[in-house]
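Working through the structure, step by step
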Amino acid sequence: MSKPVHLYVLEGMADWEVGHAIAELNTASFNPDGRHQVVTVGATADAIRSMGGVTIVPDTTLAELEPRASAMLILPGSGGWDPSGSGGGQAAALALAGRFLAEGVPVAAICGATLGLAHAGLLDSRRHTSSHRGYLAATGYAGGDLYEDARVVVDGDLITAGPTEPLEFAREILRRLEVYPPATLDAWYGLYRTGEASYYFALAGQPQRA
């Protein structure tokens with residue numbers, strides 16, 4: 001099996017923003033050889049409660065995680081990324097994200113996590129997106145000219161997306177980690193984006209039924 005993918009878990013995290021990605025990574029239903037174990041990592045070993053009311057006990061902690069032991073770090077949205085909030089901006093997680101990027105290990109951030117990256121200066125020289133241009137501009141960060149009005153943006157080892165794009169976010173994570181061959185990934189995305197049966201039969205390797 002490939003290196004694990006680490007999912008940072010924090011209080012109030014938005015479950016749905018990472019659901020497609022972690023389910024496919026952990027199962028790789030259409031290509032078992034592409035499977036990555038999903039390992040949760042917390043600021044501490046204490047349990048957190050997601051926005052959806054799910055209690056998660058982290059598998060490991062930030063202090064125990066080294067970038068070289070990971071295939072990717074995924075950062076979900078949460079109000080906790082705001083440095084003025086109770087989470088204090090998740091400084092330790094952002095410092096680790098900076099180490100991942102410096103060592104060439106991918107980081108994928110969605111929604112509020114992009115706010116944290118902006119505050120930490122990690123978007124100052126990388127193309128990126130978020131929920132809205134003004135959302136990040138309010139941080140006073142230096143990367144405003146690199147903001148793109150897109151569903152998802154990939155710049156080298158960084159993947160960013162807004163809160164309404166969990167499917168596109170997942171697609172780029174799966175693409176970067178080569179979980180599925182390109183044709184399989186296109187069919188997977190098509191199925192969940194459109195619901196058309198033809199994509200399901202393509203994934204299942206069966207002719208489409210009348």
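Here is a short report on the structure shown in this document. Note that the structure is a prediction, hence the values are computed from the model and not measured.

1. Digging into the overall build of the protein
Tallying secondary structure elements over the protein gives 7 helices and 9 strands in all. Over its C-alpha trace the protein gives a radius of gyration of 17 Å, about what one expects of a compact globule, namely 17 Å for 210 residues. Within the protein, buried positions represent 49% of all 210 residues. Residue pairs at least 24 apart in sequence account for 60% of intrachain contacts in the protein once pairs closer than 6 positions are excluded. For the protein, the accessible area works out to roughly 9,500 Å², and carbon and sulfur atoms hold 51% of it. Measuring between centres, the 14 positive side-chain charges of the protein sit 4 Å from its 23 negative side-chain charges.

2. Overview of the environment of Arg68
Relative to the assigned elements, Arg68 resides in the loop between β5 (60–61) and β6 (72–75). Linking Arg68 and Glu196, residues 128 residues apart in sequence, is a C-alpha distance of 40 Å. Once residues within four sequence positions are removed from consideration, Arg68 is found in contact with Lys3 and Glu103.

3. Brief notes about the packing of aromatic side chains
Tallying each qualifying case throughout the model produces 4 aromatic pairs. Centre to centre, the rings of Trp188 and Tyr192 are 5.4 Å apart; their planes meet at 50°, and the pair counts as tilted. Placement of the pair is Trp188 and Tyr192 together in helix α6 (residues 182–194), with a separation of 4 residues, close to one helical turn. Judged by its relative accessible area of 0%, Trp188 falls in the buried class. Directly above the aromatic system of Tyr189 lies the positively charged group of Arg171, at a separation of 4.1 Å from the ring centroid.

4. Side note on the nonpolar core
Counting 61 residues, the largest nonpolar core has Ile74, Leu75 and Ile173 as the members making the most contacts within it. Here the element with the most residues in this core is helix α2 (residues 91–102); it accounts for 6 residues. In contact with Leu75, not counting residues within four places along its chain, are Tyr8, Trp81, Ala97, Val107, Ala108, Ala109, Ile110, Ala113 and Leu117.

5. Quick word on helix α1 (residues 15–27)
With 13 residues, α1 extends 18 Å from end C-alpha to end C-alpha; this agrees with the ideal 18 Å at 1.5 Å per step. Restricting attention to buried positions, one finds in α1 the residues Glu17, Val18, Ala21, Glu24 and Leu25. Tucked into the core, α1 has its buried residues touching β1 (5–8), β2 (38–42), β6, β7 (107–110), α5 (166–176) and α6. Looking at the residues trailing α1, positive phi occurs at Ala28, about 45°.

6. Some words on the pairing of strand β9 (residues 158–161)
Of the two faces of β9, the one lined by Leu158 and Thr160 and the one lined by Ile159 and Ala161 are each fully buried. Where β7 and β9 come together, 4 bridges link them in parallel fashion. Considered in β9, the bridge of Val107 is made with Leu158. With 4 bridges connecting them, strand β8 (residues 152–155) and β9 associate as antiparallel partners. Note on β9: the bridge partner recorded for Val153 is Thr160.

7. Considering the sheet that holds β2
Read from one edge to the other, the open sheet built from 7 strands follows the order β5-β2-β1-β6-β7-β9-β8, with strand pairing classed as mixed. The sheet terminates laterally at β5 and β8, the two strands that pair on one side only. Looking at chain direction, β2 and β5 are connected through 2 bridges and run parallel. Its bridge partner lying in β5, Gly42 is registered against Thr61. Each of β6, β7 and β9 touches helix α3 (residues 112–119); the most contacted strand, β7, lies at about 115° to it.

8. Thoughts on the packing of α1 against α5
Across the interface, α1 lies against α5 with an axial gap of 8 Å and an inter-helix angle of 35°. α1 and α5 meet at a crossing whose hand is right-handed. Contact residues: α1 offers Trp16, Glu17, Val18, His20, Ala21, Glu24 and Leu25, while α5 offers Pro166, Leu167, Phe169, Ala170, Ile173 and Leu174. In terms of residue class, the contact of α1 with α5 is made up of 10 nonpolar, 1 polar and 2 charged.

Basis of the calculations
- Residues numbered from 1 in each chain as written.
- Predicted model: local features only at pLDDT ≥ 70, side-chain atom pairs only at ≥ 80, totals over all residues.
- Heavy atoms only, no water.
- Helix = DSSP H or I, 4+ residues; strand = E, 2+ residues; numbered from the N terminus.
- Rg over C-alpha atoms; globule rule 2.2 N^0.38 Å.
- Buried < 20%, exposed > 50% of the residue type's maximum accessible area, 1.4 Å probe, protein only.
- Contact = heavy atoms within 4.5 Å.
- Areas by Shrake-Rupley, 256 points an atom, 1.4 Å probe, with all protein chains shown as cover.
- Lys, Arg positive; Asp, Glu negative; His and termini not counted.
- Charge placed at Lys NZ, Arg CZ, Asp CG, Glu CD.
- Phe/Tyr/Trp six-rings, centres within 6.5 Å; stacked < 30°, edge-to-face > 60°.
- Lys NZ or Arg CZ within 6 Å of the ring centre and 35° of its normal.
- Core = buried A, V, L, I, M, F, W, Y, C linked by side-chain atoms within 4.5 Å.
- Expected span 1.5 Å × (residues − 1).
- Pairing = 2+ DSSP bridges.
- Axes fitted to C-alpha atoms, helices over the stretch in contact; angles between N-to-C directions.
- Left-handed = near helix turned anticlockwise from the far one by under 90°.
- Nonpolar A, V, L, I, M, F, W, Y, C, P; charged D, E, K, R; others polar.

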